[in-house]
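Observations on chain architecture
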Amino acid sequence: MEQGQNVVNSEIKNMKKLLEKRNEKLAGTASYRILDFVIYAVLVMLLALAIRAVFFEPVRVDGSSMVSTLADYDYMLVDKLCYSFHPPRRGDIVILFYPEHTENTYVKRVMGLPGETIRIEGGIVYINEVPIDEPYLDEERIRGHYYYGEFSETPIPEGEIFVLGDNRGPSRDSTEEGTMKIERVIGRVRAVVYPFDHAKILRRPRYALP
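The structure displayed is predicted, hence computed values, not measured ones. (Residues numbered from 1 in each chain as written. Predicted model: local features only at pLDDT ≥ 70, side-chain atom pairs only at ≥ 80, totals over all residues. Heavy atoms only, no water.)

1. Things to note about the overall build of the protein chain
If you tally the helices and strands in the protein chain, you get 4 helices and 12 strands. For the protein chain, buried positions account for 35% of its 210 residues. Within the protein chain, residue pairs in contact and separated by at least 24 positions form 60% of the contacts whose partners lie at least 6 positions apart. Only carbon and sulfur atoms are counted for the fraction: they give 57% of the accessible area of the protein chain, which is about 13,400 Å². (Helix = DSSP H or I, 4+ residues; strand = E, 2+ residues; numbered from the N terminus. Buried < 20%, exposed > 50% of the residue type's maximum accessible area, 1.4 Å probe, protein only. Contact = heavy atoms within 4.5 Å. Areas by Shrake-Rupley, 256 points an atom, 1.4 Å probe, with all protein chains shown as cover.)

Rendered as structure tokens:
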């Protein structure tokens, strides 16, 4: 009986070996499988880098100039392709380079468009002398700052935009740096993705202006 069991076990082992050899032939050698995995991993990494370079890129907020819409250390998802199809629009939150500051990027809100005039009085933004309602602003925070907001009427040249931080007082924006060339805009912020309790979609506000 024990001899018969040994024979059965031996046959099972032989069958396992045959199946393993067959599967290895079907799937390729171990070296081939390793190479296949490495190639797959490299392609995935290249695809991720291509998506980041061309389409979307996570960017971290550094500073308080966009409080309370964006907080320091928030991670944003930036759409880098949308402005290939249309120029920035009023209310868009954008990532851009400032003149003579090509190493650092800034996050601001587009308020003035090419061909318009803009001024700020008592913290209220006027576009072509029409006051703009900005419900996303933290009025209490802005009014409590040493600078609430005064800026003389300024024309915006063609091909340029006027940007402001939502936290108007501490914001280094077009009130200090002047209007920005549209070509300096990298992309539009679409969402906050991290930390998770800050996660949200950032939609363009509706203004009583085109």
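2. A short note on empty space enclosed by the protein
Enumeration according to the criterion identifies 2 cavities of 30 Å³ or more in this entry. Each pocket or cavity is described by its volume, and for the second largest cavity that value is around 30 Å³. What lines the second largest cavity is Gly-91, Asp-92, Ile-93, Arg-188, Val-189, Leu-202, Arg-203 and Arg-204. Classifying every residue of the lining of the second largest cavity by side-chain character gives 3 nonpolar, 1 polar and 4 charged. (1 Å grid on protein atoms, 1.4 Å probe; cavity = no way out; pocket = protein on both sides within 12 Å on 5 of 7 lines; lining within 4 Å. Points joined across faces, edges and corners; volume = space filled by probe spheres on them. Nonpolar A, V, L, I, M, F, W, Y, C, P; charged D, E, K, R; others polar.)

3. Topic: the layout of surface pockets
The volume enclosed by the largest pocket comes to roughly 260 Å³. Asp-62, Gly-63, Thr-105, Tyr-106 and Val-107 are the residues nearest the centre of the largest pocket, which is lined by 15 residues in total. Every element with two or more residues in the lining of the largest pocket is listed here: strand E1 (56-60) and strand E4 (101-112). Sort the elements by how many residues they give to the lining of the largest pocket and E4 lands first, with 5 residues.

4. Some words on the nonpolar core
Core analysis: the biggest nonpolar cluster contains 13 residues, and Met-111, Ile-118, Val-125, Ile-132, Phe-162 and Leu-164 have the highest contact counts within it. Elements with a contribution of two residues or more to this core: strand E5 (117-121), strand E6 (124-127) and strand E9 (160-164). (Core = buried A, V, L, I, M, F, W, Y, C linked by side-chain atoms within 4.5 Å.)

5. Brief notes about the packing of aromatic side chains
All chains considered together, the criterion is met by 4 aromatic pairs. Ring pairs connect the aromatic residues Tyr-75, Tyr-194 and Phe-196, which therefore count as one cluster. Here the basic side chain of Arg-109 rests over the ring of Tyr-136, its NZ or CZ set 3.7 Å away from the ring centre. Lying across the ring of Tyr-126, Arg-119 places its NZ or CZ 4.2 Å from the centre. (Phe/Tyr/Trp six-rings, centres within 6.5 Å; stacked < 30°, edge-to-face > 60°. Lys NZ or Arg CZ within 6 Å of the ring centre and 35° of its normal.)

6. Observations concerning the sheet that holds E5
Ordered in space as E7-E6-E5-E8, the 4 strands form an open sheet in which the pairing is antiparallel. Two strands bound the open sheet, and with one partner strand each, they are strand E7 (130-131) and strand E8 (151-155). Pairing geometry for E5 and E6, over 4 bridges, is antiparallel. Its bridge partner being in E6, Glu-121 is matched across the sheet by Ile-124. (Pairing = 2+ DSSP bridges.)

7. Section: the environment of Gly-159
Looking at where Gly-159 falls in the secondary structure, it is placed in the loop between E8 and E9. Judged by its relative accessible area of 37%, Gly-159 is partly exposed. Sequence separation of Gly-159 and Pro-87 is 72 residues, and the distance between their C-alpha atoms is 9.2 Å.

8. Details of the confidence of the model for the protein chain
On average, residues of the protein chain score 80 in pLDDT, and 68% of them reach the 70 mark or higher. Here helix H1 (residues 2-27) stands out as the least confident element of the protein chain, with mean pLDDT 56; E9 is the most confident, with 97. (pLDDT = per-residue confidence, 0-100.)

9. Let's talk about the pairing of E9
Successive side chains on a regular strand alternate, one facing one side of the sheet and the next facing the other. Taken across its 5 residues, E9 has 5 buried, putting it largely inside the fold. Here E9 shows no split at all, with Glu-160, Phe-162 and Leu-164 on one side and Ile-161 and Val-163 on the other all buried. Looking at chain direction, E9 and strand E10 (residues 180-181) are connected through 2 bridges and run antiparallel. Of the residues in E10, the one forming a bridge with Glu-160 is Lys-181.

10. Section: a nonpolar patch on the surface
A contiguous nonpolar patch, built from Tyr-75, Val-193, Tyr-194 and Phe-196 and spanning about 430 Å² of accessible area, is present on the exposed surface. On the basis of relative accessibility, which here comes to 36%, the residue Val-193 falls in the partly exposed class. (Patch = residues over 30% accessible without salt bridge, like charges linked within 9 Å, V, L, I, M, F, W, Y side chains within 5 Å. Salt bridge = Lys/Arg side-chain N within 4 Å of Asp/Glu carboxyl O.)

11. A few points about the pattern of salt bridges
According to the stated counting rule, one finds 10 salt bridges in the structure shown. One salt bridge connects Glu-129 with Arg-119, and the closest N-O pair in it is separated by 2.9 Å. Of this pair, Glu-129 sits in the loop between E6 and E7 while Arg-119 sits in strand E5, placing them 10 residues apart in sequence. Given the relative accessible area of 41%, Glu-129 is considered partly exposed. A relative accessible area of 17% means that Arg-119 is categorised as buried.

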